[in-house]
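Survey of secondary and tertiary structure
Each chain is listed here by its residues.
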Amino acid sequence: MRALYDEPRDGRDAVETLFPADRFPDQAIPPVLPIDHHIAHAASAYYASGFEDAAVLVVDGGGETASTTLARAQGNRIDVLEQIKLPFSLGGYYAAATRYTGMKARHAGKFMGLAAYGRADQEMPLRVSDELRLELDGCLPESGSFADLGAFRDLLESHFERHHFPYRRGDGVDLYPYVGFAASVQHSLEQALLHLVRQLRRLTDATNLVIAGGVGLNCTANGVIADSGIFEHLFIQPASHDAGVAIGAAFEAAKCKGEALVSSRMDDAYLGPSYSDEQIHAAIVQRGLSYTRCSEEELIHQTADFLQQGKLIGWFQGRAEFGPRALGARSIIGNPMDRETLVRLNRLKRREMWRPFAPSVIEEAFDAFFESAHPSPFMIVAAKVLRDKQKEVPAVVHVDGSARPQAVRRSVNPRYWGVIDEFGRRTGIPIVVNTSFNLDHEPIVLRPEEALANYETTELDALVIGSYVLSKQEGFHIPYKESPPAARSTPLDKRLITVHRYIRSHFQQSLSLQQLSDLIACNPIYLSNTYSKVFRVSPMKHIQNLRMEKAKELLVADERNIREIAQSLGYFSASHFSELFKKYYQMTPSQYRISQAMQKLGAADNNESM
């Protein structure tokens, strides 16, 4: 929306700049209502806070003209009190520091984690006295233009290279030389934010504070603000970054339309899509995976079993989270009592081993493990782990004794709460390690198909998805209710032959071990074991072998593309099919198709020469 505030340079109006006629030739452009970027941030926090009266702090890289906004919100009004104009920007300052180490600006969270390993003993150019200021070798005038933010960051990076150890820009890999620098930058940011918070308290005399903007995702700084006691109550929008602007813009647009807005507490961030058990089952069957369907009690107890066994579990339940944090809907969870959990998770997610993971704790036990005046349900406020508890949960304690806990409320996420509570009943530690369900540089999984693909291709030991439990443990099963004798009247060897014939005639369809066992009223695990003994291959491996043989035939004789061939063989995606084909034949389907075509051409040439 910043384009609405930039002066068009070619005579067009702002709406035409956003919706050029050559891109939208025959479409009626809907009415466009511009909402100021920082007002949208402020609204996203205030109207979701439940406070009737609050001080508002917005800090980010920059909006249309400002990088920091101090405001007062009462009723359905948000009044701007003071602003810091661009190009000066605390978000830009932190981004430039992150880039100086060789990381990308989007790795600000990683930079924050690095800071815990160093000492804040370097004098930074960001200073706090009566006002915030930067002392640099050069300067940029206050312009109020977003276009100058890049030059501001470049100026800072050059300053860091001249004045801060190790006096050269990093490569993003060897980060240890920058730990002192990171700690000093983090400390200077915290002092700057405390200055702004004190200023807001003087200007408003409010007791409630709400925070939004990208800098609001700095949970370490949020913890410092929470512990300062400057404000009695604190709410930080869980989607403080620009994704949250969508919520704020909607609030402001509703207000412009005459809606009477009332601030109401945002208790959870589960605003994304959900999937029924029927949809989940179809996705599992599509991939030919073995599964067990569980009752609520069975699912909670089995997940707690996995945690006690030290397994890494993909957890896919209910509506997906809005914002950057996994909060027990699209999570990977593990046992916090073993430091090996952190090592395995970092390896699974292809991250550096020094990076920490966060804990989820049932709300009732928060104070028994963490020290914070503001327990956060959104994993956005850092807290100290009580010293006598740190050795009990080594997988979630950072090097400085801190953590980024999520306080889980039973009424908000009863299934997730139930798992943590059950694990706590068994171990005395009602906490799990919680990280987002994705690999590094990939988005958090949203759909069942994405969760299943990650489960198959990573070191995840188990997947709990809807009412279904999947495990890579050989012979895994949840106690099976035996079929009545009448269902087992046919001799086993004949029933195995029935399954064998069914596989050969239906292997191109989506088949699962559960389906095959239902065919002959047999325990899935027992079927797999006995089938393997008789036919020297498991049922699912037999299906895979037949599909791969058929794939070679189709790639040579069929002109359809790889995706269509994959789908005809019962595979969910072309990429999954290609991965398996390469494991079998050490080449991709495309490479195989080309090699066969080349062999045909060579044979034809030989025939002609003869």
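Everything discussed here concerns the structure shown above.
Residues numbered from 1 in each chain as written. Predicted model: local features only at pLDDT ≥ 70, side-chain atom pairs only at ≥ 80, totals over all residues. Heavy atoms only, no water.

**Notes on the overall build of the chain**
A count of helical and extended segments in the chain gives 21 helices and 18 strands. Counting only C-alpha atoms and orienting by the principal axes, one finds that the chain spans roughly 85 × 70 × 55 Å. Scored against the burial criterion, the 610 residues of the chain give a buried share of 51%. For the chain, the share of sequence-separated contacts (at least 6 apart) that also reach a separation of at least 24 residues comes to 70%. The average position of the 67 basic charges and that of the 74 acidic charges among the side chains of the chain differ by 7 Å. (Helix = DSSP H or I, 4+ residues; strand = E, 2+ residues; numbered from the N terminus. Buried < 20%, exposed > 50% of the residue type's maximum accessible area, 1.4 Å probe, protein only. Contact = heavy atoms within 4.5 Å. Lys, Arg positive; Asp, Glu negative; His and termini not counted. Charge placed at Lys NZ, Arg CZ, Asp CG, Glu CD.)

**Re the sheet that holds strand E12 (residues 370–371)**
Judged by pairing direction, the sheet is antiparallel, and its three strands sit side by side in the order E12-E13-E14 without closing on themselves. What marks the edges here is a single partner per strand, and that holds for E12 and strand E14 (402–403). In this sheet, E14 lies alongside strand E13 (residues 383–385) in antiparallel orientation, the contact comprising two bridges. Residue Lys384 lies in a different strand from E14, and its bridge partner there is Ser402. (Pairing = 2+ DSSP bridges.)

**Some remarks on the environment of Phe152**
Within the element layout of this structure, Phe152 appears in helix H5 (residues 149–163). Sequence separation between Phe152 and Arg563 is 411 residues, and the spatial gap between their C-alpha atoms is 47 Å.

**Concerning the nonpolar core**
Membership of the largest hydrophobic core comes to 81 residues, with the highest contact counts inside it found for Leu57, Ile78, Leu90, Phe160, Leu193, Leu196 and Leu209. Of the residues forming this core, the biggest block, 11 residues, is contributed by helix H6 (residues 179–204). Residues in contact with Leu209, not counting those within four places in the same chain, are Phe51, Ala55, Leu57, Val197, Leu200, Ile225, Phe231, His233, Leu234 and Phe235. Ranked by size, the runner-up nonpolar core spans 59 residues in total, among them Ala283, Phe369, Tyr455 and Phe476. (Core = buried A, V, L, I, M, F, W, Y, C linked by side-chain atoms within 4.5 Å.)

**Regarding a nonpolar patch on the surface**
On the surface, a nonpolar cluster with roughly 330 Å² of combined accessible area is contributed by Ile594, Met598 and Leu601. Relative to the helices and strands, Ile594 resides in helix H21 (residues 589–609). (Patch = residues over 30% accessible without salt bridge, like charges linked within 9 Å, V, L, I, M, F, W, Y side chains within 5 Å. Areas by Shrake-Rupley, 256 points an atom, 1.4 Å probe, with all protein chains shown as cover. Salt bridge = Lys/Arg side-chain N within 4 Å of Asp/Glu carboxyl O.)

**Digging into the environment of Ser290**
Assignment of secondary structure puts Ser290 in the loop between helix H9 (277–287) and strand E8 (292–293). Sequence-wise, Ser290 and Lys472 are 182 residues apart; in three dimensions their C-alpha atoms are separated by 9.2 Å. Leave out the neighbours within four places in its chain, and Ser290 touches Leu470, Leu513 and Met540.

**Side note on the pattern of salt bridges**
Taken as a whole and assessed by the stated rule, the structure comprises 26 salt bridges. Asp305 serves as the salt-bridge partner of Arg426, at 2.4 Å between the closest nitrogen and oxygen. With Arg426 in helix H13 (residues 414–427) and Asp305 in helix H10 (residues 296–308), the pair connects residues that are 121 residues apart, well separated along the chain. Given a relative accessible area of 26%, Asp305 falls into the partly exposed group. Overlapping salt bridges bring together Arg99, Asp154, Glu157, Glu161 and Arg169 as one network.

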